[in-house]
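What the coordinates show
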Amino acid sequence: MSVTTPTVMNADLVLEGGGVKGIGHVGAITALEEAGYTFTRVAGTSAGAIVASLVAANMTTAKMQQELRSVDYTKFRDPTDLSTMTLLGEGLSVLLEKGIYRGDYFHEWIKQQLDSQGVRTFGDLKVTTDPGSSLTPNQSYRLVVMTADLSRGELVRLPWDYPKYGRDPDTELVADAVRASMSIPFFFKPVTMKSSVNNADCWLVDGGALSNFPIGIFDRTDGQTPRWPTFGIKLSALPNANQVAHAITDTRTFAEALLSTMMNAHDQMHLNDPCVIARTIFVDTGNVQATDFGIDPATQQTLYQSGFTSAQYFLSQWQWNTYLQQCRSGQAVPAPATAAPAPG
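Our subject in this report is the structure included herewith. Owing to the predicted nature of the structure, the values given are computational and were not obtained by experimental measurement.

**Structural notes on the overall build of the chain**
In terms of helices and strands, the chain carries 10 helices and 10 strands. Considering the chain as a whole, with its 344 residues, one finds that 51% of them fall into the buried category. The long-range fraction of contacts in the chain, counting pairs at least 24 apart against all pairs at least 6 apart in sequence, stands at 75%. Carbon and sulfur atoms form 53% of the exposed surface of the chain, whose accessible area is close to 15200 Å².

Now the structure itself:
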């Protein structure tokens, strides 16, 4: 197969979920942009959906870094009325309202960020001219947000799957989709969406419940050679190294450990594929947990620097032509990548 290096440094991005660790994504994206890459389409889950929406809205990485560092993450923990009423409030809130926190503060915050970039609905992110794409017209958007519909028992890709609910993707609010994607079960109240097909309530939660790292979402299905790479950014170390022990001291840390284990286990099968590893930037986030809302500035800087350093190391090893030959031509796949050195 004859391959050529792309004359334009385009790439698609897939960003893993990871709560407050998402600033690691910004560091990695900064390094990719400094290397000359621009991003055609971006997909993400949970924290990945947050950063993906800002990338799709053309927010600069400098502004992203500023906004993610200046926000008070503790305000994301906006308790429901029940969770503040009694000693058993959090348990009652989970039982009756399906989550401890309302998620309203976050919803307003992401809405303001997108508004500042002139983005309100998915219609503002529609790709109108891309004749070389293999995606169908209803998939022609710069952003795809992953969420899980518990009512249907399936992964939902927004805006692609809005027609299943009888809704027009172009009129749906991007902030609503991102809010649904970050609804960590038991922590944030699920988002309910009324289906205009049968008037049923559909309960949407964090897409990581079904796929925290949908690396293949933009892969061509027509048998043609990819026009440019899809890079994944994963907020963990290389496979096996990310299977860390969880300190369980109470019900909350038990829930965190349960969800983290489930999410990592589901996507582990992707990481058994050397061709997935070959196009994935692994950002070592240490012992930071997704729900560490009290994260301090020094830890934020460490996460950002880890993302930046990891992406630089990845690019020093990355060869587009080699990837095409080994992963898109039926030849032997490459050996797994080695870990990036820890940031100094």
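After that view, the rundown keeps rolling.
**Focus: helix H1 (residues 23–34)**
Because the α-helix completes a turn every 3.6 residues, residues three or four places apart line up on one side. Counted at 1.5 Å a residue, the expected span for H1 with its 12 residues is 16 Å, and the 17 Å between its end C-alpha atoms agrees. For H1, the tally of buried residues reaches 10 of 12 residues, placing the bulk of the element in the interior. All of the buried residues in H1 are Ile23, Gly24, His25, Val26, Gly27, Ala28, Ile29, Thr30, Ala31 and Leu32. Immediately beyond the C-terminal end of H1, within one or two residues, lies Gly36, with a positive phi of roughly 105°.

**Thoughts on the environment of Tyr313**
Note that Tyr313 resides in helix H9 (residues 297–317). For Tyr313 and Phe282, which are 31 residues apart along the polypeptide, the C-alpha to C-alpha distance reads 10.0 Å.

**Observations concerning the pairing of strand E2 (residues 38–45)**
Counted residue by residue, E2 has seven buried out of eight residues, so it is predominantly covered. Bridge analysis of strand E1 (residues 10–15) against E2 gives five bridges, and the strand direction is parallel. Looking at E2, one finds that Ala11 is bridged to Phe39. Tracing the backbone out of E1, into H1 and back to the parallel element E2 gives a crossover that is right-handed. Bridge analysis of E2 against strand E4 (residues 143–149) gives four bridges, and the strand direction is parallel. Bridge pairing in E4 places Thr45 opposite Met146.

**Quick word on the pattern of salt bridges**
Tallied over the full model, the rule gives 14 salt bridges. Here Lys234 makes a salt bridge to Glu16, at a shortest N to O gap of 2.4 Å. With Lys234 in strand E9 (residues 230–234) and Glu16 in the loop between E1 and H1, this pair connects stretches of sequence that are 218 residues apart. Across this residue pair, the class does not change: Lys234 and Glu16 are buried. Of the charged contacts in the structure, one is a salt bridge between Glu154 and Lys164, with a shortest N-O distance of 3.5 Å. Here the residue Glu154 occupies a position in strand E5 (residues 154–158), and Lys164 occupies one in the loop between E5 and helix H6 (174–181), the gap between them amounting to 10 residues. The exposure class assigned to Lys164 is partly exposed, which follows from its relative accessible area of 38%. Through salt bridges with shared partners, a single ionic network connects Asp149, Arg152, Glu154 and Lys164.

Scoring rules and cut-offs
- Residues numbered from 1 in each chain as written.
- Predicted model: local features only at pLDDT ≥ 70, side-chain atom pairs only at ≥ 80, totals over all residues.
- Heavy atoms only, no water.
- Helix = DSSP H or I, 4+ residues; strand = E, 2+ residues; numbered from the N terminus.
- Buried < 20%, exposed > 50% of the residue type's maximum accessible area, 1.4 Å probe, protein only.
- Contact = heavy atoms within 4.5 Å.
- Areas by Shrake-Rupley, 256 points an atom, 1.4 Å probe, with all protein chains shown as cover.
- Expected span 1.5 Å × (residues − 1).
- Pairing = 2+ DSSP bridges.
- Right-handed = clockwise from strand over helix to strand, strands pointing away.
- Salt bridge = Lys/Arg side-chain N within 4 Å of Asp/Glu carboxyl O.

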